[in-house]
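Descriptive structure summary
So you can see what is in the structure, the chains are spelled out below.
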Amino acid sequence: MGIFIVLEGIDGAGKSTQAKLLKLWLEERGYEVVLTKEPTDTPFGKLIRKLVLTGGREGIIDGAKISHEAEALLFAADRAEHVDKLIKPALESGKVVISDRYFYSSLAYQWARGLDLEWLIDLNRFAIRPDLVLLLDLPVKESMKRIRTRSIKTEFDKIVELQKKVRENYLKLAERFPEIKIVNALEDVDGVHRQIVALVEALLEK
Ligand SMILES: Nc1ncnc2c1ncn2[C@@H]1O[C@H](COP(=O)(O)OP(=O)(O)O)[C@@H](O)[C@H]1O
Ligand SMILES: Cc1cn([C@H]2C[C@H](O)[C@@H](COP(=O)(O)OP(=O)(O)O)O2)c(=O)[nH]c1=O
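Please read all numbers here as calculations on a predicted model, not as lab measurements. (Residues numbered from 1 in each chain as written. Chains lettered and ligands numbered in written order. Predicted model: local features only at pLDDT ≥ 70, side-chain atom pairs only at ≥ 80, totals over all residues. Heavy atoms only, no water.)

Per the UniProt annotation, the sites labelled "binding site: ATP" (unreviewed entry) are Gly9, Ile10, Asp11, Gly12, Ala13, Gly14, Lys15 and Ser16. When only the residues just named are considered, the largest cavity is lined by Ile10. Here Asp11 shows up in the loop between strand E1 (3-9) and helix H1 (15-28). Looking at the secondary structure, you find Gly14 in the loop between E1 and H1. Note on Gly14: relative accessible area 18%, which makes it buried. (UniProt positions renumbered as here; feature names shortened; annotations may be inferred. 1 Å grid on protein atoms, 1.4 Å probe; cavity = no way out; pocket = protein on both sides within 12 Å on 5 of 7 lines; lining within 4 Å. Helix = DSSP H or I, 4+ residues; strand = E, 2+ residues; numbered from the N terminus. Buried < 20%, exposed > 50% of the residue type's maximum accessible area, 1.4 Å probe, protein only.)

Below, the structure is given as structure tokens:
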């Protein structure tokens, strides 16, 4: 059976940067690595980007923003296919799977939108639990600097408010799910990579 590692964190935490570095580090040590992400690049993921990530401008009914429940169901549908068609087969063939976001994003973000956490956990019960979840944690003001969010003031304040709630949710989830390990994402790229390597080495030694 392969090894399943997930990177989580608020927008701009450094997940994609670290996922690429971790893939290289593992490949240099002879592991076969599949790097993937959620939302995926399948039709499900494309639909999510169209309906959800455009701020719902292209909502199903005359551009109306879709409900948070429908959003959660879309992310879960994308994940069901992701697990069935990519993650499970890759693990069964002994590969290391690194996913940039997974069901913990649904818990942190959709919970921040006011949905019931237990419902969200139930909705994602099919999702196989990773061996290690690397939570890249940092203050929102730093992450916002990194992604240089360009938006009008009111929008920006709303984004910051949401990201603060999401960060708090992730930290609460880390108390509930032992597979989540907190990484100080404030350090420079190499400093964050070194923290991640230490956690992955500990996992590989198990
Ligand atoms: N440790 C770091 N310190 C400073 N900037 C970083 C760090 N890690 C990534 N960045 C930069 O921050 C931005 C967001 O990084 P990215 O990996 O895309 O984050 P995410 O995938 O979590 O949204 C990119 O411009 C990236 O180059
Ligand atoms: C996977 C997932 C992501 N999200 C959110 C987190 C991010 O704000 C957004 C995905 O953005 P991001 O991870 O940056 O993907 P992309 O590289 O396509 O921009 O979707 C959820 O709300 N729930 C989920 O289940």
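Turning to the packing of aromatic side chains, a few remarks are in order. In this structure the tally under the stated criterion is seven aromatic pairs. Here the aromatic rings of Tyr102 and Phe103 are separated by 5.6 Å at their centres, their planes lie at 65 degrees, and the arrangement is edge-to-face. Exposure class is identical for Tyr102 and Phe103. Each is buried. Ring plane angle 85 degrees and centroid distance 6.2 Å describe the contact between Phe103 and Phe177, whose orientation is recorded as edge-to-face. Here the residue Phe103 occupies a position in helix H4 (residues 103-112), and Phe177 occupies one in the loop between helix H7 (153-176) and strand E5 (180-184), the gap between them amounting to 74 residues. Members of the aromatic cluster, joined through ring pairs, are Phe4, Tyr102, Phe103, Tyr104 and Phe177. (Phe/Tyr/Trp six-rings, centres within 6.5 Å; stacked < 30°, edge-to-face > 60°.)

With that settled, the discussion passes to the site of ligand 2. Neighbouring ligand 2 are 13 residues, the closest being Lys37, Arg49, Arg101, Ser106 and Gln110. In the model, an oxygen atom of ligand 2 is placed 3.2 Å from a nitrogen or oxygen of the Asp11 side chain. One nitrogen or oxygen atom from the side chain of Ser106 is found 2.6 Å from an oxygen atom belonging to ligand 2. When isolated, ligand 2 has an accessible area of 550 Å², and the protein chains bury 77% of it. Under a 2 Å grid-point criterion requiring more than half of the atoms, the pocket assigned to ligand 2 is the largest pocket. Of all the secondary-structure elements, those providing two or more residues to the shell around ligand 2 are helix H3 (68-92) and H4. When residues in the shell around ligand 2 are grouped by element, the largest group, four residues, is from H4. (Near = heavy atom within 4 Å. Polar contact = N/O pair within 3.5 Å; in protein donor to acceptor, adjacent residues only side chain to side chain. Areas by Shrake-Rupley, 256 points an atom, 1.4 Å probe, with all protein chains shown as cover. Sits in = over half its atoms within 2 Å of the grid points.)

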